[in-house]
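Given next are the chains, with one letter for each unit.
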Amino acid sequence: MNCEEAGRLLHPYADSELELQAALAIEQHLQDCARCRASFAGLTTLRAALARACEPERAPPPLRARIVRELAGRAAPAADRRRNWLAAAPGIAALVLVGGLLLAQPWRAHTAAGDRAHVVFHIATADNLSANLRTLKNHLDASPGLHAVVVAHNAGVEFLLRGARDETGRPYAEIVRDFRERGVEFRVCTNTLTRRQIDTAAVIPEAVLVPSGIAEISRLQAREGYVYLRL
Ligand SMILES: [Zn+2]
């Protein structure tokens, strides 16, 4: 495993969401690599601070008992779409959802959002942008219910800056607005802007700033069950 792979897996590893083999590989890498060990230490410190700042609220016992009773007598129609262990225990899964006992809801994309596929598109280069946006459009045409988030990072942020135009002279802001009307969200990496000394005010209002494009992508994958596509 190299540092790039390790970087992608740190968040899911911290969430204990990795398969055994991947978890062992990252542990091995952390033993060998001081730099990744430092990132991981930073990540766990941050998470501990966040967890302290937002202690999950437990439903009061009478409410929990009532939810369990009500769910016990009710079949869950969407159970077959859930992950296996959730299907095996729909009552518990629903209790967790309804009672808000957990902070993280990695299965949210499979339940609350029903059948809508969730895809995060990563744009990290300004090359082939028109072709990439056509790919995105084709995905949307093929699956109209698709929930798509575009995360722009490195040179990929350029089309989301004010005044950017495609090779035919059409403002990208217009193209982005069309996508926004179809529910696509655009997120721009603030680390990239800082590194490239681009003022955040230069970003078109149709796009939203996130602190780190890479962290946003791993969050969407690990926490919200998004499928990752690099354009
Ligand atoms: Zn490393």
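Please refer to the structure higher up on the page.
Residues numbered from 1 in each chain as written. Predicted model: local features only at pLDDT ≥ 70, side-chain atom pairs only at ≥ 80, totals over all residues. Heavy atoms only, no water.

Trainee: It is not clear to me how the overall build of the protein chain should be interpreted in this structure. Could you clarify?
Mentor: Looking only at helices and strands, the protein chain has 11 helices and 5 strands in total. Looking at the protein chain residue by residue over its 231 residues, the buried ones come to 39%. Looking at the protein chain as shown, the accessible area adds up to about 13,300 Å², and 54% of this sits on carbon and sulfur atoms. (Helix = DSSP H or I, 4+ residues; strand = E, 2+ residues; numbered from the N terminus. Buried < 20%, exposed > 50% of the residue type's maximum accessible area, 1.4 Å probe, protein only. Areas by Shrake-Rupley, 256 points an atom, 1.4 Å probe, with all protein chains shown as cover.)

Trainee: I tried to follow helix H11 (residues 213-224) on my own but got confused; where do I start?
Mentor: Each full turn of the α-helix corresponds to 3.6 residues, which orients residues three or four apart in the same direction. End to end, H11 covers 15 Å across 12 residues, agreeing with the expected 16 Å (1.5 Å per residue, within 8%). Of the residues flanking the end of H11, it is Gly-225, one or two places downstream, whose phi is positive at about 70°. (Expected span 1.5 Å × (residues − 1).)

Trainee: For this particular structure, what's the right way to read helix H1 (residues 3-14)?
Mentor: For H1, built from 12 residues, the straight-helix expectation of 16 Å at 1.5 Å per residue is met to within 8% by its first-to-last C-alpha distance of 16 Å. Where H1 is concerned, the buried positions are Ala-6, Leu-10, His-11, Pro-12 and Tyr-13. At the N-terminal boundary of H1, the capping side chain belongs to Asn-2, with an oxygen 3.1 Å from the backbone nitrogen of Glu-4. Looking one or two places after H1, you find Ser-16, whose phi comes out positive at around 55°. (Polar contact = N/O pair within 3.5 Å; in protein donor to acceptor, adjacent residues only side chain to side chain.)

Trainee: Explain the sheet that holds strand S5 (residues 227-230) here, please?
Mentor: Backbone hydrogen bonds are what pair the strands of a sheet, in a parallel or an antiparallel way. The 5 strands lie next to each other as S4-S3-S2-S1-S5, forming an open sheet whose pairing is parallel. Only two strands of the sheet have a single partner each, and these edge strands are strand S4 (207-210) and S5. Ignoring strand direction, the axes of neighbouring strands in this sheet form an average angle of 25°. Direction of pairing for strand S1 (residues 118-123) relative to S5: parallel, over a ladder of 4 bridges. (Pairing = 2+ DSSP bridges. Axes fitted to C-alpha atoms, helices over the stretch in contact; angles between N-to-C directions.)

Trainee: Mind showing me how you'd approach the environment of Ala-23 here?
Mentor: For Ala-23, the position within the fold is in helix H2 (residues 20-32). With a relative accessible area of 14%, Ala-23 lands in the buried category. Separated by 14 residues in sequence, Ala-23 and Leu-9 have C-alpha atoms that sit 8.6 Å apart. When residues no more than four places from it in sequence are discounted, the contact partners of Ala-23 are Tyr-13 and Leu-18. (Contact = heavy atoms within 4.5 Å.)

Trainee: Got a minute to help me understand the packing of H1 against H2 in this structure?
Mentor: If you want to describe how two helices pack, look at the angle between their axes and the distance between the axes. It is the contact of H1 with H2, at a shortest axis distance of 10 Å, that shows an interaxial angle of 120°. With respect to the hand of their crossing, H1 and H2 are arranged in left-handed fashion. For the pair H1 and H2, the contacting residues are Cys-3, Ala-6, Leu-9, Leu-10 and Tyr-13 in the first and Ala-23, Ile-26, Glu-27, His-29 and Leu-30 in the second. Broken down by class, the residue content of the contact of H1 with H2 amounts to 8 nonpolar, 1 polar and 1 charged. (Left-handed = near helix turned anticlockwise from the far one by under 90°. Nonpolar A, V, L, I, M, F, W, Y, C, P; charged D, E, K, R; others polar.)

Trainee: Before we go on, may I ask you to explain the nonpolar core in this structure?
Mentor: One recurring pattern in soluble globular proteins: nonpolar side chains tend to sit buried together. In this structure, Leu-133, Phe-159, Leu-160 and Phe-186 are the most contacted members of the largest nonpolar core, which totals 29 residues. Going through the elements one at a time, S1, helix H8 (129-142), strand S2 (147-152), helix H9 (172-181) and strand S3 (185-189) are the ones with two or more residues in this core. Apart from residues no more than four positions distant in its own chain, Leu-160 is found in contact with Ala-152, Val-176, Phe-186, Val-188, Ala-202, Val-203, Ile-204 and Ala-207. (Core = buried A, V, L, I, M, F, W, Y, C linked by side-chain atoms within 4.5 Å.)

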